[in-house]
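# Topology and contacts: notes
Below are the chains, spelled out letter by letter.
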Amino acid sequence: MLKRVAAALLLATALAGTAPVVAQSPAPATAAPATPPKLIVAISVDQFSADLFGEYRQYYSGGLKRLTAEGAVFPRGYQSHAATETCPGHSTILTGSRPSRTGIIANNWFDLDAKREDKNIYCAEDETQPGSSSDKYEASPLHLKVPTLGGRMKAANPATRVVSVAGKDRAAIMMGGATADQVWWLGGPQGYVSYKGIATPPLVAKVNEVMAARLAQPNSGFELPPQCVAKDFPVQAGDRTVGTGRFARDAGDYKGFRISPEQDAMTLAFAAAAIESMQLGKQAQSDIISIGLSATDYVGHTYGTEGTESCIQVDRLDRELGAFFDRLDKDGIDYVVVLTADHGGHDLPERHRLNAMPMEQRVDMALTPKALNKTIADKAGLPGKKVIWSDGPAGDLYFDKGLTAAQRARVEAEALKYLRAHPQVQTVFTKAEIAATPSPSGPPESWSLIQEARASFYPARSGDLLLLLKPRVMSIPEQATMGSVATHGSPWDTDRRVPILFWRKGMQHFEQPLGVETVDILPTLAALIKLPVPQDQIDGRCLDLVAGNGDSCGK
Ligand SMILES: [Zn+2]
């Protein structure tokens, strides 16, 4: 406590030192307090690409308007690594560390030494539990190799309250970390759930009751905001038609609820209730809540990013965020907000083709795991054998452990030859090539692909090869029955670029269009609450949130 007061005084002194300069120019009408905020609100909007953020920016009227008009705006934030998926992305946001340090290289990776049939490992799975598999597992922060901001705050002061709520387990877990007090995610029609053995507190029971009541009501759909009208035309992708949805659903339709703005509204209501009932932001110390809003991602995968569906989703998100911030204001909480995304995204090829991108295509079925394995096995003279493990038509590839050294060398040579000649393949890196690359530094907008790959590289989990598709190739093949129509995960800027927005009451707005990284968020927030974080433990740097003179990084 004494330490905190001393630190606050130090900052006041530092600011006083700049007084003569400030006096020469008009001072801002209000100023952010020099004391640490009492609550950190860290929001990740899943698949909220910098493109999506920018496209609707002129229409924001709620929470996103507040953040962009009054806050520190970094429209060119980067999830700087190559594997732009949900789990790695969330692992960078509050750890200051890239996946090469967090260990979260993908949503799923392979452990070919695993003593079970399913060699695929889910990022938030506890595979030490008997019977665990990548799709039937007990959720766990086991794989996250570094502490989160909440974890560091708690280590410095055990009284700190650390709460994480999200639409997905991996979002809640990767942002909350191993020592969070409360970690909750949407587990199904029954509502929000936590780790096995955690009893449901009255607050969560109440939230789930409210959700059940809402689910039991049908939704007649959302009205089309004026900015969405031009997007209202059907697009055919395989057997699916998208582009004109309004999120109408029947009573009890959980899937319809989950893939709609209704989900985020529920998660934000939960977060607000948690803040209130746990009295977050009303303690001697600073507290932290992380909020994972997953609907934008579900909507993007299901309908693409440029139809009425995504347009309505962003509009509703803006409004719900506005209501959420208003509620915190009413409670008189001194809070700081950071809002970003775990990765970007891009639209389905079929609509791209209608919108001036005739070269957009879907990935060749020949690159999907089964087909690729057969091709390489045949070419290496090992027909019928399992030679290569992969989780999709791009990303990490692993050589089977049963191969002899000579067979493995043949498989590697044939795989490199075949893949590097494939017209949709940008490049294939070997594990040795990536390992030999130094950890990148400098502007994330000008990294090379192998530098991006290095930021995603964790030797014990990464593949023997990394396959990267060309831009304008959607990594979902054309199928008779289409599931998701669009996705992310590529090393290209559509999927790497995300907005990073900071806001605190009274701060002076500025915008910085140059590239920054999501790993910069932790040191930036840590500086605001005077929490020391050794630079050699993280990849990010503190961003000075004071426009003009003064420096929130305490330099
Ligand atoms: Zn996704």
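Residues numbered from 1 in each chain as written. Predicted model: local features only at pLDDT ≥ 70, side-chain atom pairs only at ≥ 80, totals over all residues. Heavy atoms only, no water.

You can see Lys-154 is positioned in helix H7 (residues 149-156). If near-sequence neighbours (up to four positions away) are discounted, Lys-154 is found in contact with Thr-160, Val-162, Thr-179 and Asp-181. (Helix = DSSP H or I, 4+ residues; strand = E, 2+ residues; numbered from the N terminus. Contact = heavy atoms within 4.5 Å.)

Time to look at the domain arrangement of the protein chain. Considered domain by domain, the protein chain is made up of domain 1 (7-21 + 38-94 + 144-353 + 492-537), domain 2 (105-141) and domain 3 (364-423 + 425-469). Relative to domain 3, the C-alpha centre of domain 1 lies at a distance of 33 Å. Across the contact, 13 residues belong to domain 1 and twelve residues belong to domain 3. The largest per-residue losses of area from domain 1 upon contact with domain 3 belong to Ala-82, Lys-145 and Trp-492, which jointly make up 45% of the total buried on that side. Scanning the region where domain 1 abuts domain 3 turns up one salt bridge. The closest approach of N and O atoms between Arg-496 and Glu-452, which form a salt bridge, is 3.4 Å. At the surface where domain 1 touches domain 3, the tally comes to seven residue pairs in polar contact (both at pLDDT 80 or more). (Domains from an automatic or database assignment. Buried area = accessible area lost by both parts, 1.4 Å probe. Salt bridge = Lys/Arg side-chain N within 4 Å of Asp/Glu carboxyl O. Polar contact = N/O pair within 3.5 Å; in protein donor to acceptor, adjacent residues only side chain to side chain.)

Right, let's talk about the packing of helix H5 (residues 86-93) against helix H8 (residues 169-176) for a bit. Relative orientation of the contacting elements H5 and H8 amounts to 25 degrees, with a least axis distance of 7 Å. Classified by the angle their axes make, H5 and H8 are roughly parallel. Relative to H8, the crossing made by H5 is right-handed. Across from Thr-86, Cys-87, His-90, Ser-91 and Ile-93 in H5, the residues of H8 making contact are Arg-170, Ala-171, Met-174 and Met-175. Taken together, the residues of the contact of H5 with H8 break down into five nonpolar, three polar and one charged. (Axes fitted to C-alpha atoms, helices over the stretch in contact; angles between N-to-C directions. Parallel < 35°, antiparallel > 145°, perpendicular 65-115°, else oblique. Left-handed = near helix turned anticlockwise from the far one by under 90°. Nonpolar A, V, L, I, M, F, W, Y, C, P; charged D, E, K, R; others polar.)

On to the state of the cysteines. Inspection of every chain in the model, using the stated rule, returns three disulfides. Across the disulfide from Cys-87 sits Cys-123; the S-S distance is 2.1 Å. Handedness here is read from the sign of the S-S torsion; for Cys-87 and Cys-123, about 95 degrees, the answer is right-handed. In this pair, Cys-87 is assigned in helix H5 and Cys-123 in the loop between strand E4 (120-122) and H7, connecting sequence segments 36 residues apart. Judged by its relative accessible area of 0%, Cys-87 falls in the buried class. Residue pairing for Cys-542: its cysteine sulfur links by disulfide to Cys-553, the two sulfurs lying 2.1 Å apart. In this structure the cystine formed by Cys-542 and Cys-553 twists about its S-S bond by roughly -90 degrees; its chirality is therefore left-handed. Of this pair, Cys-542 sits in the segment after helix H20 (521-528) while Cys-553 sits in the segment after H20, placing them eleven residues apart in sequence. (Disulfide = S-S within 2.5 Å. Buried < 20%, exposed > 50% of the residue type's maximum accessible area, 1.4 Å probe, protein only.)

Aromatic ring pairs: the centre-centre distance and the angle between the two ring planes describe each pair. All chains considered together, the criterion is met by 15 aromatic pairs. The interplanar angle of 55 degrees and the centroid separation of 5.8 Å between the aromatic rings of Phe-324 and Phe-325 together place this pair among those described as tilted. We note that Phe-324, like Phe-325, is buried. For the ring pair Tyr-335 and Trp-503, a centre distance of 5.3 Å and an interplane angle of 45 degrees mean the geometry is tilted. On the criterion of sequence distance, the pair formed by Tyr-335 in strand E11 (residues 335-340) and Trp-503 in strand E18 (residues 497-504) is long-range, its members being 168 residues apart. By the burial criterion, Tyr-335 is buried, and Trp-503 matches it. Taken together, the ring pairs connect Phe-324, Phe-325, Tyr-335 and Trp-503 into an aromatic cluster. Its end group placed over the ring of Trp-503, Arg-66 keeps NZ or CZ at 4.8 Å from the ring centre. One residue, Lys-386, lies across the ring of Trp-389, its end atom 4.4 Å from the ring centre. (Phe/Tyr/Trp six-rings, centres within 6.5 Å; stacked < 30°, edge-to-face > 60°. Lys NZ or Arg CZ within 6 Å of the ring centre and 35° of its normal.)

A separate point is empty space enclosed by the protein. If you roll a probe as big as a water molecule over the atoms, it shows you where there is empty space left. Scanning the model with the defined rule gives one cavity of 30 Å³ or more in all. Approximately 40 Å³ is the volume found for the largest cavity. Leu-94, Thr-148, Leu-149, Gly-150, Val-162, Val-163, Met-175, Gly-176, Ile-288, Ile-289 and Ser-290 are the residues that line the largest cavity. When residues of the lining of the largest cavity are traced back to their parent elements, those giving at least two are H7, strand E5 (162-166), H8 and strand E10 (287-293). It is E10 that contributes the most residues to the lining of the largest cavity, three residues altogether. (1 Å grid on protein atoms, 1.4 Å probe; cavity = no way out; pocket = protein on both sides within 12 Å on 5 of 7 lines; lining within 4 Å. Points joined across faces, edges and corners; volume = space filled by probe spheres on them.)

As a further point, take the packing of helix H12 (residues 295-303) against helix H13 (residues 308-330). Packing of H12 against H13 brings their axes to within 9 Å, and their N-to-C directions diverge by 170 degrees. Considering the angle they form, H12 stands roughly antiparallel to H13. For the pair formed by H12 and H13, the contact residues are Ala-295, Thr-296, Val-299 and Tyr-303 on the first element and Glu-309, Ser-310, Gln-313 and Leu-317 on the second. Tallied by class, residues from the contact of H12 with H13 come to four nonpolar, three polar and one charged.

On to the coordination of the zinc ion. At this site the zinc ion is bound by Asp-297 (OD), Asp-297 (OD), His-301 (NE2) and His-488 (NE2), with donor distances of 2.1 to 2.5 Å. Coordination at the zinc ion comes from four donor atoms whose angles at the metal span 55 to 156 degrees, giving a geometry best classed as irregular. One chain supplies every donor for the zinc ion, spaced along it as D-x3-H-x186-H. In this pair, Asp-297 is assigned in helix H12 and His-488 in the loop between strand E17 (473-474) and helix H19 (493-496), connecting sequence segments 191 residues apart. (Donors = N, O, S within 2.8 Å, 3.2 Å for Na, K, Ca; no water. Tetrahedral: all angles 85-135°; square planar, octahedral: opposite > 155°, others 65-115°.)

What follows deals with the pattern of salt bridges. Taken as a whole and judged by the stated rule, the model has 30 salt bridges. Its salt-bridge partner being Glu-55, residue Lys-231 comes within 2.5 Å of it at the nearest N-O pair. Placement of Lys-231 in the loop between helix H9 (202-216) and strand E8 (235-237) and of Glu-55 in helix H3 (residues 50-55) is noted, with a sequence separation of 176 residues between them. For the salt bridge of Arg-116 with Asp-118, the shortest nitrogen-to-oxygen distance reads 3.8 Å.

Right, let's talk about the sheet that holds strand E14 (residues 395-399) for a bit. Ordered by their spatial adjacency, four strands build an open sheet running E13-E14-E16-E15, and the pairing between neighbours is antiparallel. The sheet is open, and its two borders are formed by strand E13 (388-390) and strand E15 (425-430), each paired with just one other strand. Neighbour to neighbour, the strand axes of the sheet diverge by 25 degrees on average, direction disregarded. Sheet strands touched by helix H16 (residues 405-421): E13, E14, E15 and strand E16 (465-469). Its angle to E15, the strand with the most contacts, is close to 155 degrees. (Pairing = 2+ DSSP bridges.)

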